[in-house]
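Overview (structure and organization)
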Amino acid sequence: MKPEHRLTEHLVRRLGAWPPDREFDIVGEPGRARPGWDGRLHPVLGVATPERGVLSVPPQHADPIMRRYLALGNVAALLPQLPDLVGHPERGWFTAVYRWTANPAPLPEPGVWVSAADPEVPAWLRVFGGDVLVARDPETGAHLAGVGVKRHDSYGHELAVVTVPEARGRGLARGLVAQAARRVLDEGAMPTYMHAFGNQASAAVAAAAGFPSHGWTAYGLTEEAMAVTDREPLAADRDSDGRR
């Protein structure tokens, strides 16, 4: 299957429909009531191109949300109301840059694949299960950076990367992301990557690894209750500078 078809198949399975038939499609998807890759429920997910988007919600909420959307006449006004509309007022709302690639950058491969169950793997990587990609200090053996893979389905695998503060600026994150993307493609899936709009470091990592910006956006409910801060909560904060 061609890589571009893999992305379509992934989004059909993830959202319930793709590509969108209109400017804003609201899709009732039973998968919103099933645990995701991490065992948690993700009751609202969406992906949008610059022209059109799909919002995936539990089937029982699709019609009421569509009525609210038609009443508001504005997608931007609807989205922040979705936590209340699907019965999760305690959660916040995130938006993120959504990237993918069929042509990872030809960078050196700084990491090795190991089982996430390896007791020496950092705790944050263990949650991904399967194999994870790690870069270690050749002298001390300390973990410097790693990539976990969110295996959403057979056609789409999302990459998440972390570099420890003292190892940043060496190109490890971009090298690991490109290396992981090549393996995902070899396995027959499309590698995807998300990051917060304001995270310039992560945007630079993505671009250098061969994940161009297509102008696409991902959105949904945050995984935890929204903190009272001076910024919008983002689900894609944990990438090259932290953990997502």
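One structure accompanies this document, and this report is about it. Only a predicted model underlies this, so the values are computations on that prediction, with no experimental measurement involved. Throughout, a residue's number is its position along its own chain's written sequence, starting from 1. Owing to the predicted nature of the model, reporting of local features is limited to residues with pLDDT of at least 70; listing and counting of side-chain atom pairs is limited to 80 or more, with chain, interface and lining totals taken over all residues. As a rule here, side-chain values come from all non-hydrogen atoms in the structure, and water together with hydrogens is ignored.

1. Section: the overall build of the chain
- Comment: elements are numbered from the N terminus, with helices defined as DSSP H or I runs of at least four residues and strands as E runs of at least two. The number of helices and strands found in the chain is 7 helices and 10 strands.
- Our radius of gyration is a C-alpha quantity, and the globule rule it is checked against amounts to 2.2 Å times the number of residues to the power 0.38. At 18 Å, the chain has a C-alpha radius of gyration in line with the 18 Å of a compact globule built from 244 residues.
- Counting only C-alpha atoms and orienting by the principal axes, one finds that the chain spans roughly 60 × 45 × 30 Å.
- Counting all 244 residues of the chain, 50% fall into the buried class.
- A fraction of 66% describes how many contacts in the chain between residues 6 or more apart in sequence connect residues 24 or more apart.
- Here, Shrake-Rupley sampling with a 1.4 Å probe gives the accessible areas, and only protein chains in the shown set may cover a residue. In the structure as shown, the chain presents an accessible area of about 11400 Å², 52% of it carried by carbon and sulfur atoms. For every residue, the accessible area obtained with a 1.4 Å probe (protein chains only) is divided by the maximum for its type, and the residue is called buried under 20%, exposed over 50%, and partly exposed between those limits. The contact criterion used is simple: two residues touch if any of their non-hydrogen atoms lie within 4.5 Å.

2. What about the environment of Glu51?
- Mapped onto the secondary structure, Glu51 falls in the loop between strand E2 (45–48) and strand E3 (53–57).
- Under the relative-accessibility criterion, Glu51 is labelled exposed at 59%.
- Remark: the alpha-carbon pair of Glu51 and Glu23, spanning 28 residues in sequence, is separated by 6.5 Å.

3. Thoughts on the packing of aromatic side chains
- Stacked, edge-to-face and tilted are the three classes for Phe, Tyr and Trp ring pairs, Trp counted by its six-membered ring, which pair at centre distances within 6.5 Å; planes under 30 degrees apart are stacked, over 60 edge-to-face, the rest tilted. Within the structure shown, the criterion is met by 8 aromatic pairs.
- Ring centres 5.9 Å apart and planes at 85° place the aromatic pair Trp124 and Phe128 in the edge-to-face group.
- Looking at Trp124, the relative accessible area reads 13%, which means it is buried.
- Plain terms: the ring middles of Tyr193 and Phe211 are 5.8 Å apart, the flat faces sit at 45° to each other, and that makes the pair tilted. In this pair, Tyr193 sits in strand E9 (residues 190–195) while Phe211 sits in the loop between helix H7 (200–208) and strand E10 (217–225), placing the two residues 18 residues apart along the sequence.
- Judged by its relative accessible area of 0%, Tyr193 is buried.
- Ring pairing ties together the aromatic residues Trp18, Tyr98, Trp100 and Trp216, which thus form one cluster.

4. Here's the deal with H7
- Taken as a whole, H7 has its buried residues at Ser202, Ala203, Val205 and Ala206. Taken around the axis of H7, the buried residues stretch over an arc of 160°, which confines them to a single face.
- In this structure, the buried residues of H7 make contact with strand E4 (91–100), helix H6 (172–186) and E9.
- Note on H7: the residue one or two positions beyond its end, Gly210, has a positive phi of about 100°. The directions from the helix axis to the C-beta atoms are what the arc is built from.

5. Section: the side chain of Thr217
- Along the polypeptide, Thr217 turns up in strand E10.
- By relative accessible area, Thr217 is classed as buried at 19%.
- Ignoring any residue separated from it by four or fewer positions in sequence, one finds Thr217 in contact with Gly46, Val47, Ala48, Thr95, Ala96, Tyr98 and Phe197.

6. Brief notes about helix H2 (residues 59–72)
- By this rule, a helix spans an expected 1.5 Å times one less than how many residues it contains. Between its first and last C-alpha, H2 extends 21 Å over 14 residues, near the 20 Å set by a 1.5 Å rise per residue.
- When H2 is considered as a whole, its buried residues turn out to be His61, Ala62, Ile65 and Tyr69.

7. Comments concerning the pattern of salt bridges
- What counts as a salt bridge is simple: a side-chain nitrogen of Lys or Arg found within 4 Å of a carboxyl oxygen of Asp or Glu. For the structure on display, the rule yields 8 salt bridges.
- The salt bridge involving Asp25 is made with Arg22; its shortest N-O contact spans 2.7 Å.
- The exposure class of Asp25 is buried, given its relative accessible area of 7%.
- We note a salt bridge from Lys150 to Glu158, for which the minimum N-O separation is 3.8 Å.
- Under the relative-accessibility criterion, Glu158 is labelled buried at 4%.
- Through salt bridges that share partners, Asp131, Arg183 and Glu187 make up one connected network.

8. A word on the environment of Gly215
- Within the element layout of this structure, Gly215 appears in the loop between H7 and E10.
- For Gly215, a relative accessible area of 39% puts it in the partly exposed group.
- Separated by 78 residues in the primary sequence, Gly215 and Asp137 place their C-alpha atoms 36 Å from one another.
- Excluding residues within four positions of it along the chain, Gly215 makes contact with Ala48, Thr49 and Pro50.

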